[in-house]
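Architecture and fold: a report
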Amino acid sequence: MSFFSRTPTPTPQSSGNADMLRAIIASMEDALIVYDENFVLRLINPAAERLFSISQSELLGKQLTPKEAENPKLQRLTQIIFPTLAPAIVPRSKSGEYPQVVDLSFEDPYTELRTITSPIADATGHVTGFMKIIRDRTRESSLMRSKTEFITVASHQLRTPITNLEWSLESITEDPGLPESLKEIASGALLSAKELKSIVEDLLSITKIEEGRFGYTFEDADIKQYLEKFLENVLPQAKRVGISVYFDPSKEELPKVRIDGQKVSMVLQNLLDNAIRYNVANGSITVGVQKQENAPFVEITVKDTGIGIPQEEAEKLFSKFYRATNAVKSVPDGSGLGLYIAKNIIQSHGGQIWVESEVNRGSTFHITLPTDPTLIPPKEVPIGV
Ligand code: ADP
C-alpha cells in the first residue's frame, strides 16, 4: 500500500503533484513518519532519519510493536509511536480528539519533542494509518526555561527589599508625629510599594503555574460559608472607597466542593479588587453562588456596576498582560496578570471562568467549580510554550 498513489492511473498532473508532495516532505524541518493500522512504517522523511539516527531502508515496511522499545536502535521511535512507553509525557489535546498533540521528554541526551498525530482515512472514511509530525523543541524549551528562571530569580531578589520598604512606609504612615504635609506622600508611597509587591507575587505565581508546580492541596469546602468568610475580609476595603458589597447566595443547600481554599481566594480577591477598581463612585458589587441545573458544578458570580468591558475584548482579558482599552484609560496602572492566574487556578480545579459585560453598565464574572471531585484534573501539567 502506498500513501501517495490512490489514483489508479497517474496523469501528468497527478504525478507532478506527487513529486511536489515528495519534495515538500523531504525538505521539512520537522520529522514525519507514517504507519498503517498494523504499525507498519510506510514513510520516513530525512528529518526523521536524522532525529532517530536510522535510515529509511532499515525502517520502511517494518512493523513496530511495544517490544521494540527494548531495542536501543528503535527505542526512541517506538516510544513516540506508543507514547505511554516514554519516560515523561504531557498530553496537550483532549483524549480521542485529533490531531493528538503530546509533549514527550527524554533523558540522555535531554530532548523535548512535540508529536502531532492525525489519522489517514481512505475514501470511505476507514482509518488506514496515522501520520506523526515530530518537532524537536529542546532548544526552544531551554530558552523558555532560562527566561522563566530569570523572572523567578529577579522576583525573589525583589521580594525582600520591597517587603522592607512596605514595613518602613507603614511605620511612617502610622507615626502620629508625621507632619500633615507628608501624610499624603507617605500613603501614596505605601500604596505603590503594596502594588509593586503584588506584581512581584503575581510574576512568581505565573512562573510556578507555567512550570506546573503551583502545588494544589484540595479539601472539601462548604462554598457558602467559605464565601461568607472571604467577603467579611473584603468589606473594609470596599467600604473605604464607598462601594457596597452584597452577598446573594442560593437559598437551597449546596453540595460540597473540593477546592484549594487559598488558591480560590486568590481568584476571588482578584475579582473583587477589579470589581472595586473598575467600578463607579458609590457603585456596588453582588456576589452570588448557586448550583448549576443538570450539571455537577456550582457557579459563583461577581457582579459590579462599573465601566464594563468592550465585547470584542472580553475573551482576551484572560490572557497574560492584557488590559482592555477602557480600563487603561480609567485606571492607568494595572499588570493584566490577575485574570490569567485566575483562569489557570480555576482550570486546575476542573472549572471555568468567563465574563458577561456591557460597557458603562457593569460586568459579571462567572466561575464554575465541580461538585464531582473526579472532574478535577488529576495532576498539574506545565503549560506549553
Ligand atoms: P489588571 O486589573 O491588573 O489590569 P487583570 O488581569 O486582573 O489585570 O484584569 C485584566 C483586565 O480585565 C483589566 O485591565 C480590565 O481591562 C479588565 N477587567 C477586569 N475586571 C474588570 C471589571 N470588573 N470591570 C471592567 N474591566 C475589568
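See the structure above.
Attention here is on the structure that accompanies the text.

Calculation rules
Residues numbered from 1 in each chain as written. Predicted model: local features only at pLDDT ≥ 70, side-chain atom pairs only at ≥ 80, totals over all residues. Heavy atoms only, no water. Pairing = 2+ DSSP bridges. Helix = DSSP H or I, 4+ residues; strand = E, 2+ residues; numbered from the N terminus. Axes fitted to C-alpha atoms, helices over the stretch in contact; angles between N-to-C directions. Near = heavy atom within 4 Å. Polar contact = N/O pair within 3.5 Å; in protein donor to acceptor, adjacent residues only side chain to side chain. Areas by Shrake-Rupley, 256 points an atom, 1.4 Å probe, with all protein chains shown as cover. Salt bridge = Lys/Arg side-chain N within 4 Å of Asp/Glu carboxyl O. Buried < 20%, exposed > 50% of the residue type's maximum accessible area, 1.4 Å probe, protein only. Left-handed = near helix turned anticlockwise from the far one by under 90°. Contact = heavy atoms within 4.5 Å. Nonpolar A, V, L, I, M, F, W, Y, C, P; charged D, E, K, R; others polar. Patch = residues over 30% accessible without salt bridge, like charges linked within 9 Å, V, L, I, M, F, W, Y side chains within 5 Å. Lys, Arg positive; Asp, Glu negative; His and termini not counted. Charge placed at Lys NZ, Arg CZ, Asp CG, Glu CD. Phe/Tyr/Trp six-rings, centres within 6.5 Å; stacked < 30°, edge-to-face > 60°. Core = buried A, V, L, I, M, F, W, Y, C linked by side-chain atoms within 4.5 Å.

1. Focus: the sheet that holds strand β3 (residues 88-91)
Strands sit in the order β2-β1-β6-β5-β4-β3 across an open sheet of 6 strands; the sheet is antiparallel. At either end of the open sheet lies a strand with only one pairing partner, and these are β2 (41-44) and β3. Strand-to-strand, the axes of this sheet are offset by a mean angle of 20°, without reference to chain direction. Sheet topology places strand β4 (residues 100-106) next to strand β5 (residues 111-121); 7 bridges connect them, and they run antiparallel. Bridging across to β5, D103 finds its partner in R114.

2. Some remarks on the site of the ligand
Not every one of the 22 residues close to the ligand is listed here, only the nearest: R277, Y278, D304, R323 and L339. The contact in question runs from an oxygen atom of the ligand to an N or O atom on the side chain of N274, over 2.8 Å. The separation between an oxygen atom of the ligand and a polar main-chain atom of A324 is 2.8 Å. For the ligand, the accessible surface in isolation is 530 Å², of which the surrounding protein chains cover 98%.

3. Some details on the pattern of salt bridges
Using the criterion set out here, one finds 20 salt bridges in the structure. The salt bridge partner of R137 is D103, with a shortest N-O separation of 3.6 Å. Of this pair, R137 sits in the loop between β6 (127-136) and α5 (138-174) while D103 sits in strand β4, placing them 34 residues apart in sequence. Each member of the pair, R137 as well as D103, carries the same accessibility label: buried. The network of salt bridges with common partners includes R92, D103, R114 and R137.

4. Describing the packing of helix α8 (residues 261-277) against helix α10 (residues 338-348)
Where α8 meets α10, the axes come as close as 9 Å, and the angle between the chain directions of the two elements is 145°. Classified by chirality, the crossing of α10 by α8 is left-handed. Contacts between α8 and α10 involve K263, V264, M266, V267, N270, L271 and N274 from the former and G338, L339, I341, A342, I345 and I346 from the latter. When its residues are assigned to classes, the contact of α8 with α10 shows 9 nonpolar, 3 polar and 1 charged.

5. So, a negative patch on the surface
Together, D222, E228, E232 and E253 give the surface a local cluster of negative charge. Its location among the elements puts E253 in the loop between β8 (244-249) and β9 (257-259). We classify E253 as exposed; its relative accessible area is 73%.

6. Describing the sheet that holds strand β12 (residues 353-358)
Strand order in the open sheet formed by 5 strands is β8-β10-β11-β13-β12, with mixed pairing between adjacent strands. Lying at the two open borders of the sheet, with one neighbouring strand each, are β8 and β12. Averaged over all pairs of adjacent strands, the angle between their axes in this sheet comes to 15°, without regard to strand direction. For strand β10 (residues 284-291) and strand β11 (residues 297-304), the ladder comprises 7 bridges, and the chain directions are antiparallel. Looking at the pairing, G288 lines up with T301 of β11. Strands β8, β10, β11 and β13 (362-370) of the sheet are contacted by helix α7 (residues 223-240), whose axis makes an angle of about 175° with β8.

7. Some words on the pairing of strand β1 (residues 31-36)
Burial runs high along β1: 6 of the 6 residues are buried. Here β1 shows no split at all, with A31, I33 and Y35 on one side and L32, V34 and D36 on the other all buried. Across 6 bridges, the pairing between β1 and β6 is antiparallel. Of the residues in β6, the one forming a bridge with D36 is G129. Note: β1 against β2, 3 bridges, orientation antiparallel. The residue of β2 that forms the bridge with V34 is L43.

8. Observations concerning the packing of aromatic side chains
How two aromatic rings sit relative to each other is given by the distance of their centres and the angle of their planes. For the structure shown, the criterion picks out 7 aromatic pairs. A ring pair is formed by Y35 and F130, whose centres lie 6.0 Å apart and whose planes are at 35°; its orientation type is tilted. Residue Y35 is located in strand β1, and its partner F130 is located in strand β6; the two are separated by 95 residues in the primary sequence. The exposure class of Y35 is buried, given its relative accessible area of 3%. Considering the side-chain rings of Y216 and F218, the 5.8 Å spacing of their centres and the 15° angle between planes classify their relative orientation as stacked.

9. What about the nonpolar core?
Counting residues in hydrophobic clusters, the biggest one holds 47 residues, and the most contacted among them are I223, I285, I300, I367 and L369. Residues in contact with I223, not counting those within four places in the same chain, are L254, V257, V289, I300 and L369. The next biggest cluster of nonpolar side chains, apart from the first, holds 23 residues, and it includes I33, L41, L77 and I80.

10. Description of a nonpolar patch on the surface
Residues M20, L21 and I24 make up a contiguous nonpolar surface patch of roughly 290 Å² in combined accessible area. Tracing the chain through its elements places M20 in helix α1 (residues 12-27). A relative accessible area of 52% places M20 in the exposed class.

The analysis is restricted to geometry; functional conclusions fall outside its scope.
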